[in-house]
Amino acid sequence: MNKEFIPYEQALALKELGFESPYPIGGYQGGKVFYYEKGELYYDGRPMYSSDAHSGQLLAPLYQQAFRFFREKYKLQQIIWSGKISTVFYGYDILNIDEQEFIINNSENGGGECDYAIYEEAEQACLDKLIEIIKNK
Amino acid sequence: MKNEFIPYEQALALKELGFDEPCFGRWIEQDELSISAPKDDEYCQKQHEFSWTALAPLFQQAFRWFREKHNLSHEIQHTHKGFYPLIYEDNIIKPKWVGEVLLYKEAELACLDKLIEIVKNGK
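Predicted model, so just to flag it, every value in this text is computed and none were measured. Think of each chain on its own: its residues are numbered from 1, step by step along the sequence as written. Lettering for chains starts from A, numbering for ligands starts from 1, and both go in the order in which the items are written. Reporting of local features is limited, given that this is a predicted model, to residues whose pLDDT is at least 70; pairs of side-chain atoms are given and counted only at 80 or more, and all residues count toward the totals for whole chains, interfaces and linings.

Re the pairing of strand S4 (residues 76–84) of chain A
Residues and elements named next belong to chain A. Counting other C-beta atoms within 10 Å of a residue's C-beta gives its exposure: the residue is buried at 20 or more, exposed at 12 or fewer, and partly exposed in between, where C-beta atoms are placed from the backbone. In this text, helices come from DSSP runs of H or I with a minimum length of four residues, and strands from runs of E with a minimum of two, each type numbered from the N-terminal end. Within S4, 7 of the 9 residues are buried, leaving the element largely enclosed by the surrounding structure. Here S4 pairs with strand S5 (residues 88–96) via 9 bridges, running antiparallel. For Lys-84, the partnering residue across the bridge sits in S5 and is Val-88. For two strands to be treated as a pair, DSSP must find at least two bridges joining them. As consecutive antiparallel partners, S4 and S5 are separated by 3 residues.

Examining the pairing of strand S1 (residues 25–29) of chain B
Residue and element names in this part refer to chain B. The pairing of S1 with strand S2 (residues 32–35) spans 4 bridges and is classified as antiparallel. Paired with Gly-25 across the two strands is Ile-35, which belongs to S2. Between S1 and S2, which pair antiparallel in sequence order, lie 2 residues. Of the pairings in the sheet, the one linking S1 to strand S3 (residues 54–55) comprises 2 bridges and is antiparallel in character. Considered in S3, the bridge of Arg-26 is made with Leu-55.

Re the sheet that holds S3(B)
Note: strands within a sheet are paired through backbone hydrogen bonds, in either parallel or antiparallel orientation. Spatial strand order, S2-S1-S3 (chain B): 3 strands in an open sheet with antiparallel pairing. Each edge of the open sheet is held by one strand with a lone partner, namely S2 and S3 of chain B.

Thoughts on the domain arrangement of chain B
Residue and element names in this part refer to chain B. Domain start and end points were adopted from an automatic or database domain assignment. Domain parsing of chain B yields domain 1 (2–57) and domain 2 (71–120). On a C-alpha basis, the centroid separation for the pair domain 1 and domain 2 is 23 Å. Taken residue by residue, the interface counts 4 residues in domain 1 and 5 residues in domain 2. When its residues are assigned to classes, the side of domain 1 that touches domain 2 shows 3 nonpolar, 1 polar and no charged. It is the C-beta atoms, placed from the backbone, that decide contacts: two residues are in contact if theirs lie within 7 Å. Residue classes follow a fixed rule: Ala, Val, Leu, Ile, Met, Phe, Trp, Tyr, Cys and Pro count as nonpolar, while Asp, Glu, Lys and Arg count as charged, and any other residue, Gly among them, counts as polar.

Remarks on the sheet that holds S4(A)
All names here are of chain A. An order of S4-S5-S6 is seen for the 3 strands of this open sheet, with the pairing classed as antiparallel. In this open sheet, the two strands that pair with only one neighbour each are S4 and strand S6 (101–105). Neighbour to neighbour, the strand axes of the sheet diverge by 30° on average, direction disregarded. Looking at chain direction, S5 and S6 are connected through 4 bridges and run antiparallel. Each residue of the ladder has a partner; that of Ile-94, found in S6, is Ile-104. Angular values range over 0 to 180 degrees, each being the angle between N-to-C directions of two axes fitted as lines to C-alpha atoms, with helices fitted over their stretch in contact. Against the sheet, helix H4 (residues 119–135) engages S4, S5 and S6, with an angle of about 25° to S5.

Structure follows, in structure tokens:
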């Protein structure tokens with residue numbers, strides 16, 4: 001189930017960009033959350049401490065939460081697409097929602113860095129690009 | 001947190017279609033979602049025989065299942081009016097279905113409903 005969460009380095013970057021999940025996945029008393037500690041992912045019900053600043057703990061965002069963060073906070077919408085020539089490949093575009101303008105338009109440009117063999121690689125590359133765009137703003 | 005998981009009706013439909021993978025939650029009934037971790041909770045590991053319960057996949061899990069199991073992928077695109085879903089089959093560039101313009105969450109749910117319908121009707 002680890003694949004549901006963005007990797008540690010990206011979780012760190014998202015925290016720097018202001019990601020906070022108001023709704024971490026809670027257990028019966030709301031005590032369970034999914035988090036990284038020393039770079040390792042926990043989702044076995046060990047409660048995360050109330051403050052992550054000193055404990056080295058970090059909320060582990062789901063991919064869907066990470067992309068929602070960019071959509072809602074920075075108005076950047078990701079589109080993961082697929083294509084097929086002889087084999088299937090995946091890529092991504094990034095749209096500025098407010099301006100209705102593509103910031104990254106790999107599907108128009110075709111080929112090159114936009115080709116990934118599996119969906120998850122394209123998704124991860126897209127997330128890296130979103131982080132880079134905001135960091136360089 | 002509930003909104004990370006597909007709703008009860010859609011979870012039941014996915015169960016009917018054969019979805020049976022570990023989840024972080026399960027629907028016990030219409031309004032009762034039990035959130036846990038597969039390691040802690042055997043009922044999050046696989047579907048239960050009671051017809052009114054269902055594993056609760058995350059939206060990303062449900063869409064992955066349609067992509068990998070049924071070769072149906074989706075996109076949520078945007079116009080100045082809002083978001084709209086598209087469904088593709090077998091990675092063919094021309095969409096199989098284009099939904100109406102909605103809020104993002106609604107577009108995602110409409111897309112999920114359409115995917116369920118497509119698979120139910122044998123594509």
